[in-house]
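So the chains spell out like this:
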Amino acid sequence: MPSIEARGLAIEFPLYHVSARSLKKRLLAKAAVRVKTDEANRVVVSALRDLSFTIGHGERVALMGHNGAGKTTLLRTLAGIYEPVGGSLRVQGTIGTLIDPSAGMDQDSTGRENIRLRGLFRGLSEAEMQHMEEEAAAFSGLGEFLDVPIRGYSAGMGVRLAFAVATAMQPEILLMDEWFSVGDADFMERAEERLRGLVTNAEIMVIATHSEDTVRRWCNRVIRLDAGRIVADGTVEDVLGPPPG
Ligand SMILES: Nc1ncnc2c1ncn2[C@@H]1O[C@H](COP(=O)(O)OP(=O)(O)OP(=O)(O)O)[C@@H](O)[C@H]1O
């Protein structure tokens, strides 16, 4: 059964162009906690600190919190993009991500080539790949642009392609950021329908969002982050209170 289990999870990002010596002086004066030096005396941002949680079957989790709280970093860590520097993380199940439209896309390849690249990466057979290509081509509605290198796409076209590719297969664990809300109205309507199917059929969903509306509509649990730590974890009503009105 798909599950996610984090114990004492920590993520740090080195800041290569900052001098440890001058920074130390400034930080000491300010008692900063998130920008520090590690054992190798490198300056690092502590993006996530000591996170522990378990997510199981049927949970649709919203990651909330102010800018810089760590929502995107946590999503990317769950997706296997970042390696924890401390603690442990166990993710069981097939993962689908709607995190960053351009992630994993080759700018110099066409839309069609990118669809096939993704299929190869997922280890699909030729027949499955053919199916995915037809599906994604039809859903993206890109027409002749499908055979143009994606460097020449508008932002909205990039989102259409990324969305079509990401949703062409049903994952057990769905990880989403809010980027998918930038399409035009016609596309959003179709995207929402497809998304609903994907969310309903996923066994676990984790979404990073600022929107209370989205949370009340899609989620049954909220993990609130603040400065890289969990400050609340419970049902939507527990964390956000009763619905307005
Ligand atoms: N690649 C990176 N290099 C250095 N620091 C980073 C990097 N990515 C994130 N950070 C830092 O990690 C912290 C958490 O950032 P993150 O993007 O996860 O926050 P967020 O909650 O998603 O914010 P937002 O709502 O603004 O998208 C921030 O302090 C940010 O500066």
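Preceding this paragraph is the structure being described.
The following refers to the structure shown. Here the structure is a predicted model, which means the values were calculated and not measured. (Residues numbered from 1 in each chain as written. Predicted model: local features only at pLDDT ≥ 70, side-chain atom pairs only at ≥ 80, totals over all residues.)

Turning next to helix 2 (residues 71-78). Burial of helix 2 is extensive: 7 of the 8 residues sit out of reach of the surface. The complete set of buried residues in helix 2 reads K71, T73, L74, L75, R76, T77 and L78. (Buried ≥ 20, exposed ≤ 12 C-beta atoms within 10 Å, placed from the backbone. Helix = DSSP H or I, 4+ residues; strand = E, 2+ residues; numbered from the N terminus.)

Surveying the vicinity of the ligand reveals the residues F13, V45, A47, G65, N67, G68, A69, G70, K71, T72, T73 and A208. Of all elements in the fold, only strand 3 (43-55) and helix 2 reach the threshold of two or more residues within the shell around the ligand. With 3 residues, helix 2 is the largest single contributor of residues to the shell around the ligand. For the shell around the ligand, the class distribution of residues is 5 nonpolar, 6 polar and 1 charged. (Near = placed C-beta within 6 Å. Nonpolar A, V, L, I, M, F, W, Y, C, P; charged D, E, K, R; others polar.)

Close contact between helix 3 (residues 111-121) and helix 4 (residues 126-140) brings their axes to 9 Å; oriented N to C, the two are set at 140°. As far as their axial angle goes, helix 4 and helix 3 are oblique. The chirality of how helix 3 crosses helix 4 is right-handed. Mapping the contact onto sequence places R112, I115, R116 and G119 in helix 3 and E128, M129, M132, E133, A136 and A137 in helix 4. Here the contact of helix 3 with helix 4 is composed, by residue class, of 5 nonpolar, 1 polar and 4 charged. (Axes fitted to C-alpha atoms, helices over the stretch in contact; angles between N-to-C directions. Parallel < 35°, antiparallel > 145°, perpendicular 65-115°, else oblique. Left-handed = near helix turned anticlockwise from the far one by under 90°. Contact = placed C-beta atoms within 7 Å.)

A separate point is the environment of G111. Position of G111 among the secondary structure elements: in helix 3. Taking the C-alpha atoms as reference points, G111 and L146, 35 residues apart in sequence, are found 4.7 Å from one another. Once you skip the residues sitting within four places of it in the chain, G111 turns out to touch L142, F145, L146, I150 and L161.

Right, let's talk about the sheet that holds strand 1 (residues 3-14) for a bit. A sheet is described by the order of its strands in space; here 4 strands give the open sequence 2-3-1-5, paired in antiparallel fashion. Edge positions in the sheet fall to strand 2 (35-37) and strand 5 (86-92), since each has one partner strand and no second. Looking at each pair of strands side by side, their axes are set apart by 40° on average, direction ignored. Alignment of strand 1 against strand 5, held across 6 bridges, turns out to be antiparallel. In the strand pairing of strand 5, E5 is matched with R90. (Pairing = 2+ DSSP bridges.)

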